[in-house]
Amino acid sequence: MNVIEMKQVTKAFGAHHALDELDLSVMKGEVFGFIGPNGAGKSTAIRVLLGMLRKTSGTATVFGEDVWRDAVKIHRRIAYVPGDVNLWPQLTGGEVIDLFASLQGKMNTQKRDKLLARFQLDPTKKCRTYSKGNRQKVALVAAFASDAELFLLDEPTSGLDPLMEKVFQQCVAEVKAEGKTVLLSSHILSEVEKLCDRVGIIRQGRLIECGTLNELRHLTRMQLTVETKVPIELLASWQGVHDVVQTEMGWTFHADAEEMESIMQKLSSYGIQRIESAPPTLEDLFMRHYEETAESRES
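Residues numbered from 1 in each chain as written. Predicted model: local features only at pLDDT ≥ 70, side-chain atom pairs only at ≥ 80, totals over all residues. Heavy atoms only, no water.

**Focus on the overall build of the chain**
Looking only at helices and strands, the chain has nine helices and 14 strands in total. Dimensions along the principal axes, computed over C-alpha positions, put the chain at roughly 70 × 45 × 35 Å. Taking all 299 residues of the chain together, 47% fall into the buried category. Once local pairs closer than 6 in sequence are excluded, the contacts in the chain between residues at least 24 apart make up 69%. (Helix = DSSP H or I, 4+ residues; strand = E, 2+ residues; numbered from the N terminus. Buried < 20%, exposed > 50% of the residue type's maximum accessible area, 1.4 Å probe, protein only. Contact = heavy atoms within 4.5 Å.)

Right, dumping it as structure tokens:
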């Protein structure tokens, strides 16, 4: 059974559909990356799963329970970190963490203390004195110190420095190793690429692509750097070749995966002396997908 299941979920605000018949499923024990530009519907989908927003139509379940009717029961088993954490200004960070823990039951104080040290958070300071990054740390410590089975993380590293982002990534890997499930919404594509088993791309409230990174490689291009004995003629005009840049030593360009065999055959006729390839990144994949959909709309 999937931990998260959304089928044909629509959320309308007047005439605007923030979610448009969204289909989304997240399996037990996986880290699922949820990516898309601002306004694509990521946060709306998470708020529907939390029971904070009532869907207009469709079905949405977490642990097999209805997200609206059974929200209280579901919340005992989940941890949520938004991208902009608001805390009680008169409480200390430690008091807030303990308050969040009391809502779920017993707190593992040893685990909490270790997380406070790892995130370098002083729990004795009032929340009104915290920077944005420290407010995020409060929410992250509370989430990872809990015994949650599902982590809903909506831009959770907003405001964190690179060192703390690495600590966050380690924490996600640890909960995954424990068999727990993570839905990670992020605009930091390198973060998604490092952590996620599967990735879903959302656009205008619909999931338009979903799969493992390898399954989605067809959407992007390889980067090649090549040196040849004989100068290559009209490389930019070759089928499947893009963004050609001539260097002192040769050429750098992007190549469509489906044209790679033909491109390599042509290159070999010029006498390859050195060739390097870089696998496509999630950012390449993401940007090309949006460029192609924009081009199709214009045409």
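**Some points on the environment of Met 1**
Topologically, Met 1 is positioned in the segment before β1 (4-13). Look at Met 1 and you get exposed, because its relative accessible area is 79%. Residues in contact with Met 1, not counting those within four places in the same chain, are Phe 63 and Gly 64.

**Details of the packing of aromatic side chains**
Tallying each qualifying case throughout the model produces four aromatic pairs. On the basis of an interplanar angle of 55° and a centroid distance of 6.0 Å, the ring pair of Trp 88 and Phe 100 is categorised as tilted. Of this pair, Trp 88 sits in the loop between β6 (78-81) and α3 (93-104) while Phe 100 sits in helix α3; the two residues are 12 residues apart in sequence, bridging distant segments of the chain. By relative accessible area, Phe 100 is classed as partly exposed at 28%. Centre to centre, the rings of Phe 144 and Phe 151 are 5.5 Å apart; their planes meet at 25°, and the pair counts as stacked. Among the residues examined, Phe 144 registers a relative accessible area of 3% and is labelled buried. The class for Phe 151 is buried, based on a relative accessible area of 0%. The rings of Phe 144, Phe 151 and Phe 168 are connected pair by pair, giving a single aromatic cluster. Taking the ring centre of Phe 13 as reference, the NZ or CZ of Lys 11 above it sits at 5.0 Å. (Phe/Tyr/Trp six-rings, centres within 6.5 Å; stacked < 30°, edge-to-face > 60°. Lys NZ or Arg CZ within 6 Å of the ring centre and 35° of its normal.)

**Comments concerning the pairing of strand β7 (residues 150-154)**
Across the five residues of β7, five count as buried, placing the element largely inside the fold. What you see with β7 is no split at all: Leu 150, Leu 152 and Asp 154 on one side and Phe 151 and Leu 153 on the other are buried throughout. Where β6 and β7 come together, four bridges link them in parallel fashion. Across the sheet, residue Ile 78 finds its bridge partner in β7, namely Leu 150. Note that β7 and strand β8 (residues 181-185) share five bridges and pair parallel. Paired with Phe 151 across the bridge in β8 is Val 182. A crossover links β7 with its parallel partner β8, the connecting element being helix α6 (residues 162-177), and its sense is right-handed. (Pairing = 2+ DSSP bridges. Right-handed = clockwise from strand over helix to strand, strands pointing away.)

**A closer look at the pairing of strand β9 (residues 198-203)**
With respect to burial, β9 is a largely interior element, six of its six residues being buried. The two faces of β9 match: Arg 198, Gly 200 and Ile 202 on one face and Val 199, Ile 201 and Arg 203 on the other face are all buried. Bridging between strand β3 (residues 31-35) and β9 involves four bridges; their strand directions are parallel. Following the sheet pairing, Phe 34 is matched in β9 by Gly 200. Bridging between β9 and strand β10 (residues 206-211) involves five bridges; their strand directions are antiparallel. Paired with Ile 202 across the bridge in β10 is Leu 207. Remark: two residues form the turn of the hairpin made by β9 and β10, two consecutive strands paired antiparallel; Gln 204 in that turn has positive phi of roughly 50°.

**A look at the nonpolar core**
Counting residues in each nonpolar core, the largest one holds 47 residues, and the members touching the most others are Phe 144 and Phe 151. Looking at which element gives the most residues to this core, the answer is helix α5 (residues 132-145), with eight residues. Leave out the neighbours within four places in its chain, and Phe 144 touches Lys 111, Leu 115, Phe 151, Phe 168, Cys 171, Val 172 and Val 175. Core analysis: the next-biggest nonpolar cluster, separate from the first, contains 26 residues, Val 3, Met 6, Ile 78 and Leu 152 among them. (Core = buried A, V, L, I, M, F, W, Y, C linked by side-chain atoms within 4.5 Å.)

**Side note on the sheet that holds strand β12 (residues 241-246)**
A sheet is described by the order of its strands in space; here four strands give the open sequence β12-β13-β11-β14, paired in antiparallel fashion. Each edge of the sheet is formed by a strand with only one pairing partner; in this case those strands are β12 and β14 (272-278). With direction set aside, neighbouring strand axes in the sheet form an average angle of 20°. In the sheet, strand β11 (residues 221-228) pairs with β14 via six bridges, with the strands oriented antiparallel. Paired with Val 226 across the strands is Ile 275, a residue of β14. (Axes fitted to C-alpha atoms, helices over the stretch in contact; angles between N-to-C directions.)

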